[in-house]
Amino acid sequence: MKDILRLLRLFHPYRAWMAAGIALSVVVALSNVALLALSGWFIASMALSGLGNQMFNFFTPAAAIRGLAILRTIARYLERLVTHDATLRLLSALRVWFYGRLEPLAPAGLQSYRDGDLLSRIRADIDSLDNFYLRILAPVVSAAISTVALLAAMSFISMEVALINGLGLLLAGCALPLMAQRSGRRPGARLVTTRAALRASVTDSCRGAGELRVYGAVDRQGAHIDALGRALVADQRHLVRVRGSYSSLSMLAALISMWIAVIVIIPVIHAGVLAPAQLALVAFFVLSSFDVVASLPAAFQSLGETLAAARRIFEIADAEPVALDPDEQQPLPERFDIDMDALQMHYSPVAAWALDGISLHVPEGDALGIVGPSGSGKSSLLNVLLRFWDFQDGKAAIGGVPLRALTGEQVRSLCAVVAQQSHLFNATIRENLLLARPSASEEELREALRQAAVLDEVMAFPQGLDTYVGEVGARLSGGQARRITIARAFLKNAPILLLDEPTEGLDELSEQLVLNALKRLMRDKTTLVITHHPEVLTLVDRVVVLRAGRIVPSYVGAEELIAEGVCR
Ligand SMILES: Nc1ncnc2c1ncn2[C@@H]1O[C@H](COP(=O)(O)OP(=O)(O)OP(=O)(O)O)[C@@H](O)[C@H]1O
């Protein structure tokens, strides 16, 4: 119930569209019943007047039937238009809302979710929520309003028939849907999680296709995906079977109600209280009134799937970012020296300190090299500085302003990052560069590429700046991709530069090009460089060595670092 109320609150801005859609579907339902009942009565009256050789004014009912048919058609068209329009507006608003909640959680708050699972939440789970209005809320509210109106109308003709019709509608509109919901709850919820697992596995397998082939694990992974696919199909089949059974039962309830109504009305007609043609009116009225509740078993059955999807979305939407923004943000610092004092940080209360009492000072415009064995806390230091993760004890400041007094967005606006894993989007080189400065002119883009020593190579591509880089820059060489991320940092022109293994994985020639570009990029900037490469250390003013989250106190020369295996 809590989830339903929350969904309703999310849909609140679209209440006018939603109400209009429901009102139109009530018009469709009522005009449909009126059309069929009147048609039944009309045909029966014509037949009876023909048999009895009596005069019958057929103009008025014929015109009414035509009018109702036109009304039903137009209302049905408008209802489809309005309800689908409302649903599409809702879905796009929900997607933007969800992405808005997801983004501040990255990367710390999302590391426990698989990419495919997040994709499934953003796409399939949000899509499932269209059921809530289109297939659940609108049909249920419209059925309730239409049922009251129809029973009130029938009570003017026959109270007994209204009672029978009401009981039948209660069975088909409440009891059967509730039973359908119960049968569909478990497979519906399971379907959502299986669908997400399947998507996550397929994404993983595509990404790791090379490794799967090398290790001969393609068949095993295929069997795993096959098993998930079968489980998904089994649940879908179960749900379709349930839906089919309950809609047949609903039809049966309609037929039985109609026959009971006919049996009840015959003596009334015999007694002359009602005209004989009204038998057809009553029969058609009762039968067609069940159209109003026909979609409810399916609606209630999909409630399980919809609520499971909603819960998965709310789970992420309710998560708090790991590094909280301050209630009142400070103005940006005017200096860009970096200070840390006895800083301690861990990734979870049960984990060991990743940074254990770090104290350092990097004057504005200086470059600090950070070296240390794998797992010594180098990347954690950058994670703290970028406000991706919070620290538990000690102090950290930029230009004298405490890090925690600045929002994550403020801190990141001061930093440019070049890392081994810097992401290139599957877009053009131009679009990847514009990310750093959307207003950059063509000349500024070329200048950034020139500074990053990659302009000639980019211009040699047939599409130049408009060349697609492929998934994570797959169509570029490692060196080209790295220099494009450096060009992006040139464009951002942030006062603080964070470099994480900027030359890792490059051949000698590319490494030299990247080093030259970095030298230009680091000019006048406060820089922290993580590296295992002694050549990169030639760019820095000072080096600190980390070991098990602590700074090794004495200065260590490059030879010692190489001897210790910390540098290569
Ligand atoms: N996102 C994370 N969640 C939990 N623990 C983490 C996370 N990132 C790092 N750690 C842990 O924190 C410690 C320090 O890791 P960190 O990545 O900072 O080391 P590093 O010096 O950068 O290593 P490398 O040179 O291999 O990148 C390690 O014990 C690591 O397992």
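All figures in this text were calculated on a predicted structure; none of them were measured in a lab.

### Examining the overall build of the chain
Check the secondary structure of the chain and you find 19 helices and 10 strands. Scored against the burial criterion, the 568 residues of the chain give a buried share of 39%. The contacts in the chain between residues at least 6 apart in sequence include a share of 82% that link residues at least 24 apart.

### Brief notes about the site of the ligand
Tyr 347, Ala 354, Ser 374, Ser 379 and Ser 380 are the nearest of the 12 residues found near the ligand. Its residues assigned to classes, the shell around the ligand shows 3 nonpolar, 8 polar and 1 charged.

### What to know about the packing of helix H8 (residues 218–270) against helix H9 (residues 278–289)
Their axes nearest at 9 Å, the elements H8 and H9 cross at an angle of 155°. Here H8 lies roughly antiparallel to H9, going by the angle between them. Note on packing geometry: the crossing formed by H8 with H9 is right-handed. Across the interface between the two elements, Ala 254, Ser 257, Met 258, Ala 261, Val 262, Ile 265 and Ile 269 from H8 touch Gln 278, Leu 279, Val 282, Ala 283, Val 286 and Leu 287 from H9. Residues that form the contact of H8 with H9 fall into these classes: 11 nonpolar, 2 polar and no charged.

### Re the confidence of the model for the chain
Low-confidence regions, as indicated by low pLDDT, have predicted coordinates that should not be scrutinised in detail. On average, residues of the chain score 88 in pLDDT, and 96% of them reach the 70 mark or higher. Predicted as a complex, the structure gets a pTM of 0.69 and an ipTM equal to 0.96.

### A look at the sheet that holds strand E1 (residues 338–345)
Strand order in the open sheet formed by 4 strands is E2-E1-E4-E5, and the pairing between neighbours is antiparallel. The open sheet terminates on both sides in strands that have one partner only, identified here as strand E2 (355–362) and strand E5 (401–402). In this structure, E1 lies alongside E2, joined through 6 bridges in antiparallel fashion. Bridge pairing in E2 links Met 345 to Leu 355.

### Describing unusual backbone geometry
Not every positive phi belongs to a glycine, and Glu 501 is a case in point at roughly 50°. You can see Glu 501 is positioned in the loop between strand E7 (496–500) and helix H17 (508–522). We classify Glu 501 as partly exposed; it has 18 C-beta atoms within 10 Å. A positive phi angle, close to 45°, is found at Ala 548, a residue other than glycine.

### So, the sheet that holds strand E10 (residues 550–551)
Across the sheet, 6 strands lie side by side as E6-E7-E8-E3-E9-E10; this open sheet has mixed pairing. Pairing within the sheet leaves two strands with one partner each, and these edge strands are strand E6 (415–419) and E10. Direction of pairing for E6 relative to E7: parallel, over a ladder of 5 bridges. The residue of E7 that forms the bridge with Ala 419 is Asp 500.

### Focus: the environment of Arg 80
Note on placement: Arg 80 falls in helix H3 (residues 59–102). Distance from Arg 80 to Leu 134, taken between C-alpha atoms, is 9.7 Å for residues 54 residues apart in sequence.

Parameters at a glance
- Residues numbered from 1 in each chain as written.
- Predicted model: local features only at pLDDT ≥ 70, side-chain atom pairs only at ≥ 80, totals over all residues.
- Helix = DSSP H or I, 4+ residues; strand = E, 2+ residues; numbered from the N terminus.
- Buried ≥ 20, exposed ≤ 12 C-beta atoms within 10 Å, placed from the backbone.
- Contact = placed C-beta atoms within 7 Å.
- Near = placed C-beta within 6 Å.
- Nonpolar A, V, L, I, M, F, W, Y, C, P; charged D, E, K, R; others polar.
- Axes fitted to C-alpha atoms, helices over the stretch in contact; angles between N-to-C directions.
- Parallel < 35°, antiparallel > 145°, perpendicular 65-115°, else oblique.
- Left-handed = near helix turned anticlockwise from the far one by under 90°.
- pLDDT = per-residue confidence, 0-100.
- Pairing = 2+ DSSP bridges.

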